[in-house]
Structure formats: C-alpha cells, structure tokens
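Chain by chain, the residues:
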Amino acid sequence: KIYEPEVHSDRRKWRMRSVSVDLNNDASLVIDIPDALCERDKVKFTVHTKTTLSSFQKPEFSVPRQHEDFIWLHDTIVETEEYAGFIIPPAPPKPDFEGPREKMHKLGEGESSMTKEEYAKMKQELEAEYLAVFKKTVQVHEVFLQRLSSHPMFRKDRNFQIFLEYDQDLSVRRKNAKEMFGGFFKNMVKSADEVLISGVKEVDEFFEQEKNFLLDYSIKIKDATAKAEKMTRSHKNVADDYNHISGALNNTAADNNTAFKNMCVLQKVEDRMASDQELKLTELLRYYTRDIQAAKDLLYRRARALADYENSNKALDKARLKGKDVAQAEENQKQCLQKFDKLSESGKKELTSFKARRVVAFRKNLIEMTELEIKHAKNSVSLLQGSIEILKSN
Amino acid sequence: MVISCNLGIVFIYFLQSKPITPTSAPDEGDIFSEEGSYIRSDVHHATNGLHSDEELDLFTGISLHRCTMTRNDIMVKCYLSHQHTSVQSLEATVELTLTNTTSQGRREIIGPTASACNTTHVPNSILKPSIVTKTMEELEEEESGDQFELNIAVTNPEKIGDGMNAYMSYKVSTQTTLPMFLNKTFSVRRRFSDFLGLYEKISAKHSLLGCIIPPPPQKSVVGMTKVKVGKEDSSSAEFVEKRRAALERYLQRVVAHPSLLQDPDVREFLERDELPRAVNTQALSGPGLLKMINRASDAVNKMTIKMNESDNWFESKLQEVENEEQLLRRLHAAVDSLVNHRKELCINTAVFSKIVAMLGSVEENSALSRALSQLAEVEDKMEQLHQQQAFSDFFILAELLADYVRLLGAVRCCFEQRMKVWQRLQEAQSTLQKKREAEAKLLWANKPEKLQQAKDDINEWESKVSQYERDFERVTCTVRKEVLRFEKEKARDFKQHIVKYLESLLHTQHRLVKCWEAFLPEAKAIA
C-alpha cells in the first residue's frame, strides 16, 4: 500500500512573505491565498479577495481555483494587445511534487529493510518535504495574483475580475479561451525573442543598455538558479543523513549512543537552514529568472513594434514611389509609430521600476536569509556546547 | 651462563589454583613444569641508567620470581624478557602486573620491582613493590584519563621505489617513559606488510589465550596501485592519509592492550631498526581476514554440541556483541552517506560561489553588485568549512565505526577460541572415558601385559584432561576479562570521539556565524 500524505494548510500555520516586495499595500484590492488543499498532487487554492472597488459585486469573497486557472489568466493577459508595453507578471510554475514522490517510492520499497524508527523518521522527512513544496507553490501563486492587483492596469482587467469573482468552475471558460487564441502570441515570443532583440538596431541609449544587460543577466541568473537548487539539495541530503544516523541509534540501549541522539536536533537545525536558504535565496533567483524573462518579453514586443514601424516606413516609401495607396500607407505608418512610442514610453517606466523592484527584493531577501543563517548557526552553537558539556561531565 | 643475544622472549604466565609454597632461590633444574620453560640468565647491568642498583641485585643469581597468591584473589603475570642490544650487555626488565579480578576494574602497576622479589615471599594482599613508580590511585587516574606511558605516532609517509614494486614507508615514532624500552623517544620506518606481520605474530600467540587482538587496517589493491603508479591526485593523497591514520590507530590499540604491550614482538616492531620482511600477509589483510573470522563463526554456529554454561554470561554477551556489530554496520553506512553528501555539498557550493560572482559582475546596480560578490566570497568560505567538516565526519566518525565493526569481529573470534578450547576438553574427556573402558575390558579379559599400557594411557589422558580443564578455565577468565576491558575501552573511545566530533561541528558553526555576520552589513548596504 503506497503511503500518500494529505497536506492541508490554514492561515495560522504558515503565513509566507513573498519574495517580491509587499504587494498588498493598496487596501482597495487585497488578495491572498489563506487556504489550500493538496490531494494526490493536485492543489486546490482558495483565493480570497477583499475590495472597496465598485466593479466587484461583493466587498469580500472567496473562490476555489486550480493551477490551470492561473495559467489561463496569465495567458489572456499576455495576449491582450493593450498590455504589450507592460512587464507581465510571470506565470506561477506548476506544483512539482516530483522530489517527495520519489522519496515516497523509496520509502515504500525500503520499508522491509528498515527498522520501525527509521521508517517513522523517513515518513516524517517525507511529510516535511511535501509541506515545503506545498508552501512554496502557494506562495508563488499568491505573489502572481498580488502583482496583478498592485498594477494600475492589470487590476482593472476584466478577466482578472472574473478569475477573482466567478464562483463557478472556470474550466469551461478556459477551454473556449484556448481555442480562441491558440497560444499564438506566447509561442511566437518564446521562439524568436533572442534573435529579434539582438538583431534590431537600437537608437535609444536606455533600451540599448537594457537589452544588453537583460540578455546577459538572464543567462547568468538562470544558471545561478540551477546551481543554487543543486546546492540546497545537497544541504538537505546532509540533513537527511543526520536523520538516518539518529534513526539507526534509537533502538539501542548503549550509553554513548544517547549522546549521538543530539544529532536529531542538529538535523532539524540543518534542515531548517537548508530550507531557509532554499526559500530565500533559491526562490529569489528562481522568481527573478522568470521576471527577467517577462522583461525580455517586453523588449521583444517593443522590438517587434519597431520592426513593424520600419516596415511601414518602407511600405510608405514604396507607395509614394508607385503613387498608390499613399494615404493608407501613411495611416499605417502613423499607427505603427504611435504603437512603438507607446510601448517605448511605458516600457521605459516598467523597466525602470523593475530595476528598483529587483534591487529591493534582493536586498530584503539577502538580509532575511543572512539573519536566519546567523540565528540558526548560533542556535547550533549553543546546542553543541550544551551537548559537549553534558558528555564531558559524565 | 650467558644467554646468547638472539634469545627470544619468554613469558611466564600463571594462574594458580593452588598456592605455591615459597622456596629459596631456585636451582638450575627447577622449572615450572606446568607452565612451560624458562630461561635463566646472569645479567650484566644495563647501561642506560634507568635502573637502580637494587634492581641489578634482582638478577644476580636469581632468574625467576615467585609469588604466593591465594586462589581467586590475585593473578600475577611475570615477564622476563631480554632485550637485544648491539652491545654484549643484556638488560632485563621485569614488570609485575597485578590484576584483581574481583574488583571493578583492572589495576595495573607498571614498573620494575625489586625488594618484593628479593624475598621470595610476597604477602597475600596487594603486592606493593617498593620501586613501583606510582601508587595505584595515581595509575588508575592515569589509566582512566588519556595519559598513557607510551605515545605512538605514525607519520611521514614516503614512497620508496617506483612502479609496481614501490611501497609506502611510514615513520613510527614512540615516546615513552616505560623502562622496558631502550630510549625515551625513538622512531623506525615500517611498511604496511610489517604491520600485517606484527598482527600475524601476536595473533598466533595471544588469540589462543582468548585475547582480543585488534585487527590491522585493510589492504586495498586499488588504493595502493594508484599510489604505486604515481598518480599525484587528491584521491591517492587521501588514501595515504587514511592508511596512515588507520595504522596509527592500530598501533595505539595494540599498545593499549596490557598483554600485547608486553609482547616482545611488539617491542621489536617499535624499536628495531630493520625488520625481516613479513611474508604470507595476503591471507591476513582486509577481505581475507574477514573471511577467516566469518568462517570461524559459521563453524561455531554449526557446532552440534551445545556448551554447558554455568552462567548465561557468555551466551548473552555474544549475542550482544553480534547485535552491536549489526548496529555499527548500519551506522557506518549512514555516516558514509553523510561524508559523500557533504563532499557533494562542497562541490556544489564552490560552483554556486562562482556563478554568484559572475552574477555580481553583470549586475548594474553597484551596491547590489558589491553585495553579490561578497556573497560569492561567503559561499567560498563555506565551501572550505564543508571540506573541513567532511574530513572530520570521516576521520572522527566513519573510521571509528569501521574500526569497531572489525574489532567486534575480533571479539567474536575470542569467544570462538574459548569454544574451541572447550571442544578440545570435551574430546579429551571422551578419549579418557574410552581408555578407562578399554582398561576395564582388559581387566576382565585378564591380559596383564597390555594392562600397563592401558594404565599409562589413562594417566596420560587424565593429565591432558586436567590440563585442558585448566586451559578452559583460564581462557574463560581471560575472555571475560578481555570483554570487560574492551567494553570499557570502547565506551571511552566512543565518548572521546563523539566529543571530538561535536567540537568539530561547533567549530564549523562558529565560523559560519562569523561569515554571515560579516556579510550582513553588505546586504544592508544595498540601495
């Protein structure tokens, strides 16, 4: 029989702070995910909204949502032409229970060869890991919604409102939307952005700098995220080993082994340090990898608008030469220019605030991480000192 | 009569079941017939100045010491040994070791004795030789502490030769105040096969008595080949260090054993400049040895005759030992995994540190850029800390556990030894029985000429049976003593190592605090 944990959360247990800056500053629209249920790796989020805006039917309400609903919301926003000049908050990644699932498998296989204590410890480990993944995914979904609600344009988005309010199952709507857009925009962006962005001749100093910075930075931060993940995974393995050591010791009466049991406590500290590092640093890097991508997408859209504008110029020249459809070509050119200017203007604003946001987020998380590391290391020190004293005095 | 210099060592070991009546100085022909031979010598005084004149009187004319003891109270071992020196003079050292089996632990007095032996009568109560160097309390304290009169270090591994015939030579340094050695500090060079040879020699002598012989470090073809071939990488350096430390621990365990310390082979190993090459060490190393031990225990388990134990002690103790061995194996596997994961963490941290540095260099905000490069440095320091911690994980914990898994195997051997002795006794008893039956038959058949032969046979086997009975009692006593000593030492060893390990963790955590505290202002400076 395979062991499958059921994890449930509630508001009091884990109020997570987001990797981004506090986004719930505006009381007119406050969103959070106070509750979530995890069943067989499918997560059901409870999205809770409190608002003073008249566009909503009620001042406070909650709806159940799945991960796919979030993706639908993200996609509709991406595909909305008006938002081309904005950095679209990155979609939350799919809940990934692969790690704990593997462990669960190992637990099931190894059950016969383990002692009861070892099995219990591994089960405990497994539950903790499930909970950690769970917490993370809730946090990341919450941040997504909060970024939308704190943005002057997105918060007014019709689909956003539907997402928050619609008390029926969204899956029907989702299907229709998919058929309509077909993911066209999204696919285009993904395949061509690097080439187009780097290929375009840039006249604006600001955007030239941004382009170079973002291209380089995105590669490095993606790499850093992967390596941070590897490092924190190793750290967790070390913590797990302490767990196994103390597990192997529990079933013995020998005196000196009781001293070793302090490893149990040490393990918890190590584990917490690894998770905190994970949450603060790795999550930060992971989040900004996605955010950088969103910024790059903005550059791409602007670059495409620029390309369109250049093309419209060429078309106008051709029309003038031929003496045909000049008015139409002029109109087209004017519109392209307008679009491009609009994108450049809002793009500049967005990218500037993005810079500031990034620096603030890094600062906040680095400080919190460092303070936690110090706290845990000091805790370790006092625990170890205590154990050593006890042992020496015996 | 001067004994030639090539004489080996003789030790006389007796457990008296009946009191010996004191006599005056023994005649030349007087031999402790029960215990084996002795060697007599006139000793010229030693020139190293360690012994007082009184002692020298010990040896003129008297070759042996006799002591009275009461049954069950005191077991006395006397050793008479001859030291080989390049000069003609011989030095004889006598140590009197006392063990009181009825008290809690062992008390040992190591030191030359004089007046006690000048008279041939020694009181029943505790032997108190006058030139004993310490009082019993002092010695007990010393024994319970780490202080030992003998310190051994194995250092300076050096590769001798080239190619497949190359070998590592290690410097074995001894520092001691024990008078049985020529000098206070001295060193020799030994190679791995010498250590195995030592094991073979002492095992041959002492394991039959039921002593726990510390097993030598394991041979490793892979490890050694890399070294021979001359691979100058970190793994072969690690291998050499691992072996050096293992050899050191091995020797330390050997000399921590009171009987083994007295063994002249051990002394020769520590002192003699050139040792003859030990051959046939193949069978003794690593897997070979383990196989031998396991085969022995299998054989014992299959023994159909169950021992008739007067008390449960041996049976339950053996079970305890087997359980403990299993436990330690599991623990060792877990610690091994810890070592590997920590090494992985090391590598991953180093990699991460580099990428953070690169990220910092790309970052456009200058304060954040600086903070990121500081973070990279912190991670770099952490990598070093992890490296050191992995080292501690291995050398303090993993090796301790591995050593004790093998030591427990040696303990099992010693139980098996006792079983063998018992079996021999059983067989002798049944042979005696048969001889008696044969005699009875002859009596009945009235064949007087064969009767004498039968009577002789019976006498022979009677004395064998009584000797084997004594052997068995002696082995039983030794095994019991050895196990208690082993347990005490193990508890002490573990405690010591655990404290050391926790201290290493403490050190790491201290450094971590410092690293992060140094970084915090940098993080706060981001604007």
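Everything quoted here is computed from the prediction, not taken from an experiment. Counting of residues starts from 1 at the beginning of each chain's written sequence and follows it residue by residue. Working convention: letters from A go to chains and numbers from 1 go to ligands, in the order in which they are written. Whole-chain, interface and lining totals are the exception, using all residues; otherwise, since this is a predicted model, local features are given only for residues with pLDDT of at least 70 and side-chain atom pairs are given and counted only at 80 or more. The side-chain quantities take in all heavy atoms of the structure and omit both hydrogens and water.

Structural notes on the interface of chain B and chain A
Every residue pair with non-hydrogen atoms within 4.5 Å of one another is taken to be in contact. The partner chain A presents 60 residues to the 50 residues of chain B that form the contact. Two parts placed together each lose some accessible area under a 1.4 Å probe, and the buried area is that loss summed for both. Taken over both partners, the interface formed by chain B and chain A buries close to 5,100 Å², and the fraction arising from carbon and sulfur atoms is 74%. The largest per-residue losses of area from chain B upon contact with chain A belong to B:Leu359, B:Glu364 and B:Trp516, which jointly make up 12% of the total buried on that side. Salt bridge, as used here: a side-chain nitrogen of Lys or Arg that lies within 4 Å of a carboxyl oxygen of Asp or Glu. Taken together, chain B and chain A are joined by five salt bridges. Between B:Glu503 and A:Lys392 there is a salt bridge, with the nearest N and O atoms lying 2.9 Å from each other. Polar contacts here mean pairs of N or O atoms no more than 3.5 Å apart (in protein, one a potential hydrogen donor and the other a potential acceptor; neighbouring residues in sequence count only if both atoms are side-chain atoms). Where chain B touches chain A, the interface holds 14 residue pairs in polar contact (both at pLDDT 80 or more). Looking at the side of chain B that touches chain A, the elements with two or more residues in it are α10 (313-362), α11 (366-445) and α12 (448-524) of chain B. Secondary structure counts use DSSP, requiring at least four H or I residues in a row for a helix and at least two E residues in a row for a strand, with both numbered from the N terminus.

What about empty space enclosed by the protein?
One simple way to see leftover space: roll a probe sized like a water molecule over the atoms. Cavities and pockets were defined on a 1 Å grid built from protein atoms only: a cavity is a group of points that admits a 1.4 Å probe but offers it no way out, a pocket is an open group of points flanked by protein on both sides within 12 Å along at least five of seven lines, and a lining residue is one with an atom within 4 Å of any such point. Grid points are joined across faces, edges and corners, and a volume is the space filled by probe spheres set on the points. Within this structure, the stated rule accounts for 13 cavities of 30 Å³ or more. There is about 110 Å³ of room inside the second largest cavity. Taken together, 14 residues line the second largest cavity, and the ones lying closest to its centre are A:His235, A:Glu270, B:His386, B:Gln509 and B:Leu512. Broken down by secondary-structure element, the contributors of at least two residues to the lining of the second largest cavity are α7 (205-249) and α9 (262-322) of chain A together with α10, α11 and α12 of chain B. Looking at the lining of the second largest cavity, the element that brings in the most residues is α12(B), giving four residues. Here the residues of the lining of the second largest cavity are counted per class, giving six nonpolar, five polar and three charged. Note on residue classes: Ala, Val, Leu, Ile, Met, Phe, Trp, Tyr, Cys and Pro are nonpolar, Asp, Glu, Lys and Arg are charged, and everything else, Gly too, is polar.

Notes on the nonpolar core
In summary, soluble globular proteins display a tendency toward joint burial of nonpolar side chains. If you look at the biggest cluster of nonpolar residues, it comprises 113 residues, and the most contacted ones within it are A:Leu285, A:Leu351, A:Phe362, A:Leu366, B:Leu375 and B:Trp516. Taken together, the elements giving at least two residues each to this core come down to α7, α9 and α10 (326-393) of chain A together with α10, α11 and α12 of chain B. If one sorts the elements of this core by residue count, α11(B) sits on top with 28 residues. Ignoring any residue separated from it by four or fewer positions in sequence, one finds A:Phe362 in contact with A:Tyr217, A:Ile221, A:Leu284, A:Leu285, A:Tyr288, B:Leu368 and B:Leu372. In terms of nonpolar packing, the next biggest core, distinct from the first, is built from 38 residues, A:Ala36, A:Phe61, A:Val63 and A:Phe70 among them. Nonpolar cores were defined as sets of buried Ala, Val, Leu, Ile, Met, Phe, Trp, Tyr and Cys residues, with membership established by side-chain atoms within 4.5 Å. Whether a residue is buried, partly exposed or exposed follows from its accessible area with a 1.4 Å probe, protein chains only, as a fraction of its type maximum: under 20%, in between, or over 50%, in that order.

As for the UniProt feature "coiled-coil region" (unreviewed entry) in chain B
UniProt positions are given in the numbering used here, feature names are shortened, and annotations may be inferred rather than shown by experiment. Under the UniProt annotation, the feature "coiled-coil region" (unreviewed entry) is placed at residues 451-478 of chain B. End-to-end, the C-alpha atoms of residues 451-478 of chain B are 40 Å apart, and along that stretch the chain is 100% helix and 0% strand.

So, the packing of aromatic side chains
Residues and elements named next belong to chain A. Within 6.5 Å between ring centres, the rings of Phe, Tyr and Trp (the latter by its six-membered ring) count as paired, and their orientation is classed by plane angle as stacked under 30 degrees, edge-to-face over 60, tilted in between. This structure, assessed with the given rule, holds 22 aromatic pairs over all chains. For the pair Phe-56 and Phe-61, a centre-to-centre distance of 5.9 Å together with 35 degrees between the ring planes defines the contact as tilted. Note on accessibility: Phe-56 and Phe-61 belong to one class, buried. Through a chain of ring-to-ring contacts, three or more aromatic side chains come together here, namely Phe-45, Phe-70, Phe-144 and Phe-163.

A closer look at the sheet that holds strand β4 (residues 150-160) of chain B
All names here are of chain B. When DSSP locates at least two bridges between a pair of strands, those strands are taken to pair. In spatial order, the strands read β4-β5-β6; together these three strands make up an open sheet with antiparallel pairing. Both edges of this open sheet fall to β4 and β6 (185-191), since each of them pairs with a single strand only. Within the sheet, the average angular offset between the axes of one strand and its neighbour, ignoring direction, is 20 degrees. Where β4 lies against strand β5 (residues 167-176), nine bridges are found, and the strand directions are antiparallel. Bridging from a neighbouring strand, Asn-151 pairs with Gln-175 of β5. Helix axes are fitted to C-alpha atoms over the stretch in contact, other axes to C-alpha atoms as well, and angles between N-to-C directions run from 0 to 180 degrees. Contacts between helix α6 (residues 234-256) and the sheet are confined to β4 and β5, with β4 contributing the most and set at about 150 degrees to the helix. Of the strands in this sheet, β4, β5 and β6 are in contact with helix α8 (residues 264-271), which crosses β6 at around 95 degrees.

Re the pattern of salt bridges
Residues and elements named next belong to chain B. The tally for this structure, following the rule as stated, stands at 42 salt bridges over all chains. In this structure, the salt-bridge partner of Lys-205 is Asp-265, at a minimum N-O distance of 2.7 Å. Of this pair, Lys-205 sits in helix α4 (residues 192-206) while Asp-265 sits in helix α8, and the two are 60 residues apart along the sequence. Taking the relative accessible area as the measure of exposure, Asp-265 reaches 17% and is therefore buried. A salt bridge links Glu-268 to Arg-272, with the nearest nitrogen and oxygen atoms 2.7 Å apart. Given a relative accessible area of 24%, Glu-268 falls into the partly exposed group.

Focus: the side chain of A:Thr137
Residue position: A:Thr137 is located in helix α3 (residues 116-150). Leave out the neighbours within four places in its chain, and A:Thr137 touches A:Phe45, A:Pro93 and A:Pro95.

Some thoughts on unusual backbone geometry
Here the phi dihedral of A:Asp325 falls at roughly 55 degrees; this positive angle occurs in a residue that is not glycine. Assessed through its relative accessible area of 48%, A:Asp325 is described here as partly exposed. Phi angles above zero are rare outside glycine, and B:Asn156 is one such case at about 45 degrees. Its place among the elements puts B:Asn156 in strand β4.

Considerations on α11(B)
Residues and elements named next belong to chain B. Any helix carries an expected span of 1.5 Å times its number of residues minus one. The end-to-end C-alpha distance of α11, which contains 80 residues, comes to 116 Å, matching closely the 118 Å that a straight helix rising 1.5 Å per residue would cover. Regarding α11, its N-cap is Asn-365, as a side-chain oxygen of that residue lies 3.0 Å from the backbone nitrogen of Ala-367 further along. Directly after α11, the chain includes Asn-446, whose backbone phi takes a positive value near 55 degrees.

Topic: the confidence of the model for chain B
Residue and element names in this part refer to chain B. Mean pLDDT for chain B: 71, with 65% of residues reaching 70 or above. What pLDDT expresses is the predictor's confidence in each residue, scored from 0 to 100. By mean pLDDT, strand β2 (residues 74-83) is the weakest element of chain B at 29, and α10 is the strongest at 91. Here residues 1-147 is modelled with pLDDT under 50, and outside its nearest four sequence neighbours on either side it reaches 238 contacts, counting other chains as well. At the level of chain-chain contacts, confidence expressed as ipTM amounts to 0.84, with global pTM at 0.73.

Things to note about the confidence of the model for chain A
Averaged over every residue, the pLDDT of chain A is 81; residues scoring 70 or more account for 80%. Contacts for the low-pLDDT stretch residues 1-21 of chain A, under 50 throughout, to residues beyond four places or in other chains number 63 contacts.

So, the packing of α4(B) against α6(B)
Residue and element names in this part refer to chain B. Relative orientation of the contacting elements α4 and α6 amounts to 25 degrees, with a least axis distance of 11 Å. Taken together, the axes of α4 and α6 are roughly parallel relative to one another. By crossing handedness, the relation of α4 to α6 is classed as left-handed. Taking contact as the criterion, the partners of Phe-192, Phe-195, Leu-198, Tyr-199 and Ile-202 in α4 are, on α6, Arg-243, Leu-247, Tyr-250, Leu-251 and Val-254. Taken together, the residues of the contact of α4 with α6 sort by class into nine nonpolar, no polar and one charged. With respect to orientation, any angle under 35 degrees is reported as roughly parallel, any angle over 145 as roughly antiparallel, any angle of 65 to 115 as roughly perpendicular, and every other angle as oblique. Less than a right angle of anticlockwise turn of the near helix away from the far helix marks a crossing as left-handed, whereas a clockwise turn marks it as right-handed.

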